[in-house]
Amino acid sequence: MVCGVVVLQACNNTDPVAPASPESATPDSHVLGTATVGKEVTTAVRLIVTGTDRQPLVDARVRWEASDDGSVSSVESNTDSRGVATVRWTVGTRVGRQTLAAFVTGLQPATFEVNAVADRAALVRLSADLIRVTLIGDTVRLTSIVEEQFGNPVPAPVTMSLERGSRALMVAGSTFVARERGSAVIRATADTATSRVNVLVDPSPPLVTRVSPDTLRPGGTVVVEGLGFSLLPAAVELSVGGQVASIVSATSTRIEARLTSTYPCAATTARPVRVTVAGASGEMAVPLLTSTRVQLQKGESAQLLDASLARCTELVAPRENVQTKYVVAVLNTSLTASSTAAFEMQGTGTGGLAGLLAAPRSAASATESPVAASPNAALLTAGPRRGARPLPSVPQPSNADAAHDHYLDVQRAVSARFGSPVHMWQRQSKRATASQRSAVAVGDTITMKALFASCSNGRDVRARIVYSGAKAVVLEDVKAPRAGSMDAEYQRIGDEYDRVQYPLMLANVGDPLAMNAMMNGDGRVTILFTRYVNDSLPGIAGYVSACNFYPKSTFAASNEDEVIYARVANAAEIPSEWRRSMRGTIVHESKHLASFGIRFVDGTPFEESWLEESTGRIAEELYARTFSSSTLWKANAGFAQTVGCELSQCDDRPIMMWKHFSVLNQYLRGVDTLTPLGASTGGDFTFYASGWSLVRWAIDHYAENESTFLKALVRGGQLTGLSNLTRQSGRPASEMLADWALAQAVDDVPGFTPARTQLSFPSWNQASVFAGLAGTFPGAFEARPLKTRAMRFGSFTAAVPRLRGFSFSYFTFDGAQTGSQVLELRGEAGTLLPPSSLRVAIVRLE
């Protein structure tokens with residue numbers, strides 16, 4: 001071709017033209033866009049070469065050089081007729097900017113660019129082939145990188161899934177959590193690439209390093225610290241003494257849990273606190289207190305007045321190996337006299353007592369003993385000791401007191417139904433009924449109404465005035481068997497009322513004439529001795545009627561006066577003996593007049609019968625004190641100067657404290673089935689004495705001034721019964737019951753002094769009085785009447801089929817205590833939970 005050009009020029013006879021030199025090399029496009037690594041660029045690479053004549057330079061040689069590990073279809077190529085050199089470019093395997101340089105001799109290289117991007121995912125590379133998780137609840141820590149075939153990272157989403165091992169791992173959102181010992185496989189997928197990793201859940205056994213508190217209690221909170229615990233509360237088990245606790249929170253080093261409240265009653269011992277995770281356990285022994293530990297020195301006592309404390313009691317052995325003796329009183333804190341509770345006391349010994357069978361010391365001591373018959377009935381066969389004066393002929397208290405108590409309930413009903421008579425008197429003009437009577441002289445006769453069951457209908461009683469004094473008018477029924485022959489005895493009764501009994505009542509209890517002025521009375525109490533009481537109310541020595549406080553406009557049969565009705569002497573009775581028995585009755589009934597009148601004036605409800613009678617017995621006791629200075633308040637009076645003197649009639653004192661202690665002796669012999677809050681059966685009258693004992697004990701310990709306390713108690717207010725007594729004492733009823741119960745067991749026991757004075761009767765030496773009664777009437781009374789179940793230390797079961805409300809059952813334990821004695825209260829027939837009203841009080845005697 002060149003030759004052709006040369007020949008042409010020669011033939012034309014012209015000068016030859018010099019070939020053009022490359023002037024420029026211009027890429028068709030510098031940036032060629034995006035290409036996949038290792039792949040050919042979609043668009044061919046074109047370089048335009050022009051000559052110095054600015055025309056396309058044909059057949060110019062171009063050398064191509066790709067960066068990285070890229071390649072071209074031809075390392076060299078020539079421009080075509082349009083001055084264009086073309087090549088196919090396969091980019092390298094590195095992601096990012098890659099270049100292709102085109103070299104033309106004499107010119108600067110021309111550069112082409114392409115953005116090399118990764119190919120589709122070919123591999124998911126995981127951070128480990130095997131992952132070991134050593135903590136339950138921990139998450140699997142796994143990272144992944146997606147790569148294509150050349151190892152370049154691919155920004156493709158990775159999906160993790162659990163291929164197998166769902167027991168070992170659980171899926172929580174986008175994470176995997178270890179929940180049980182075992183193995184699992186996690187699959188990672190990105191596009192079509194898949195990889196797998198093996199996971200081994202292999203926790204180390206948990207290590208317990210600390211448990212708090214240092215002594216655990218049922219139902220309480222426990223905190224366990226250590227290593228290797230679970231992060232999942234559901235995957236960790238915490239047990240204390242074999243019982244699983246409820247997990248509150250859990251971390252790898254700390255567990256907080258709440259103990260169950262159903263631990264069996266047992267002595268306090270170290271129990272394993274065990275943390276179990278994935279079948280492996282760690283533990284530490286910590287004391288578990290399922291009992292109420294009671295460790296007493298001689299003379300000390302304990303009140304367990306919360307149901308949770310009373311259910312299980314541990315009598316801790318003293319440090320020194322000595323003989324010990326305890327009195328344990330199980331209390332029925334119910335405030336309802338008719339309620340009863342059945343329970344079992346189960347005992348277990350530890351240490352040297354473990355395995356010992358603690359049978360009762362005697363069969364009789366652990367079984368129900370019948371309530372003694374009326375003391376008077378027993379005396380008919382037993383008889384007094386030699387030298388004692390015979391007991392006066394008095395009505396059987398089982399009938400008299402029961403009927404009297406029922407009648408008090410009737411009086412309360414009258415008051416509740418008709419209200420206070422104060423406003424009734426205020427609405428009517430004053431009349432001179434009582435003042436006219438004051439003008440009647442001794443020896444005159446008047447007609448009065450004997451009222452009992454009805455306020456509207458009464459029996460007319462024609463009576464003669466035998467005494468007219470400052471505060472008392474004494475009348476005798478003209479139909480009395482000994483009418484007209486006992487004036488001297490009646491006059492002595494009236495005179496004593498004026499001089500002793502009324503002032504005593506006014507100063508210490510309340511005014512029997514509190515309503516008198518309002519009723520336009522004569523300022524005196526009328527004491528009517530009538531055979532109506534003997535004939536219509538056998539067994540009752542005396543009574544008062546609230547009906548007499550109302551005007552006749554309300555009750556036509558009302559006497560509109562403070563009246564004490566009392567029985568007359570029978571034809572066979574010795575007048576002096578009759579007076580001896582009646583004097584205490586007058587004081588007792590005078591107290592009822594005071595209580596009725598005061599509460600009518602105040603507009604407050606009548607007192608409950610048991611407390612009304614108990615304070616009546618207190619009034620008798622105050623009267624009894626007037627005969628001997630040795631029976632003053634808190635004088636710890638014994639038998640000789642009180643009951644003994646009454647029985648032997650060492651002076652002109654009446655029968656009073658005999659009734660208190662003879663019936664209290666009976667109450668203590670049947671204490672399980674009796675209560676101071678009222679009659680347990682139709683013939684039960686023991687609450688007169690037990691109620692007196694409770695009130696006397698409360699006054700001795702909580703009254704700064706005996707008279708002030710008693711007058712406030714009689715006045716009462718809106719509260720009645722135990723609510724009234726607790727308000728005056730300032731102590732809860734259950735606390736008083738506990739101390740009063742223990743005082744019955746340990747008062748004046750030789751060689752024993754209680755650490756708390758509440759475990760005593762400061763005014764009375766009960767041991768002396770009961771010993772005196774037993775010595776005077778052998779077989780009728782017991783020197784130690786308190787019914788107890790005497791037990792040895794060790795294992796036993798003792799059933800109490802009936803424990804009356806607000807009373808107590810006693811157990812005694814004595815001997816060499818070489819370990820703890822556990823006492824558990826259970827329900828009837830050994831059911832797990834005892835009645836909810838039961839509590840426990842304990843005192844150590846030795």
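Since the model is a prediction, treat every value here as computed from it, not as a measurement. (Residues numbered from 1 in each chain as written. Predicted model: local features only at pLDDT ≥ 70, side-chain atom pairs only at ≥ 80, totals over all residues. Heavy atoms only, no water.)

Counted under the stated rule, the structure contains 30 aromatic pairs. It is R63 that lies over the ring of F103; its NZ or CZ is 4.3 Å from the centre. One cation-aromatic arrangement involves K634 over W633; the distance from NZ or CZ to the ring centre is 4.6 Å. (Phe/Tyr/Trp six-rings, centres within 6.5 Å; stacked < 30°, edge-to-face > 60°. Lys NZ or Arg CZ within 6 Å of the ring centre and 35° of its normal.)

Turning our eyes to something else, we now look at the sheet that holds strand β20 (residues 221–227). The four strands lie next to each other as β19-β20-β24-β23, forming an open sheet whose pairing is antiparallel. Every interior strand has two partners, whereas the edge strands, β19 (207–212) and β23 (246–250), have only one. On average, adjacent strands in this sheet sit at an angle of 25° to one another, irrespective of strand direction. Direction of pairing for β20 relative to strand β24 (residues 254–258): antiparallel, over a ladder of five bridges. Considered in β24, the bridge of E225 is made with R254. (Pairing = 2+ DSSP bridges. Helix = DSSP H or I, 4+ residues; strand = E, 2+ residues; numbered from the N terminus. Axes fitted to C-alpha atoms, helices over the stretch in contact; angles between N-to-C directions.)

On to the state of the cysteines. Under the criterion given, the structure shown has three disulfides. Taken in sequence order, the bonded cysteines of the protein chain link in the pattern 1-2, 3-4, 5-6. (Disulfide = S-S within 2.5 Å.)

For the rest of this paragraph, the subject is the pairing of strand β29 (residues 312–315). By the alternation rule, side chains of β29 split into C312 and E314 and T313 and L315, which are all buried. When strand β27 (residues 292–294) meets β29, the two strands line up parallel, connected through three bridges. Paired with V294 across the strands is L315, a residue of β29. Bridge count between β29 and strand β41 (residues 821–827): four bridges; the pairing is antiparallel. By the bridge assignment for β41, T313 is matched with L823. (Buried < 20%, exposed > 50% of the residue type's maximum accessible area, 1.4 Å probe, protein only.)

Now for the pattern of salt bridges. Counting across every chain of the model gives 49 salt bridges. A salt bridge links R63 to E65; the shortest N-O distance between them is 3.3 Å. The residue R167 makes a salt bridge to E180 at a minimum N-O spacing of 3.1 Å. With R167 in the loop between β14 (159–164) and β15 (169–172) and E180 in the loop between β16 (175–178) and β17 (182–190), this pair connects stretches of sequence that are 13 residues apart. The exposure class assigned to E180 is partly exposed, which follows from its relative accessible area of 31%. One continuous salt-bridge network, built from bridges that share partners, spans E489, R492, E496, R579, R583 and D652. (Salt bridge = Lys/Arg side-chain N within 4 Å of Asp/Glu carboxyl O.)

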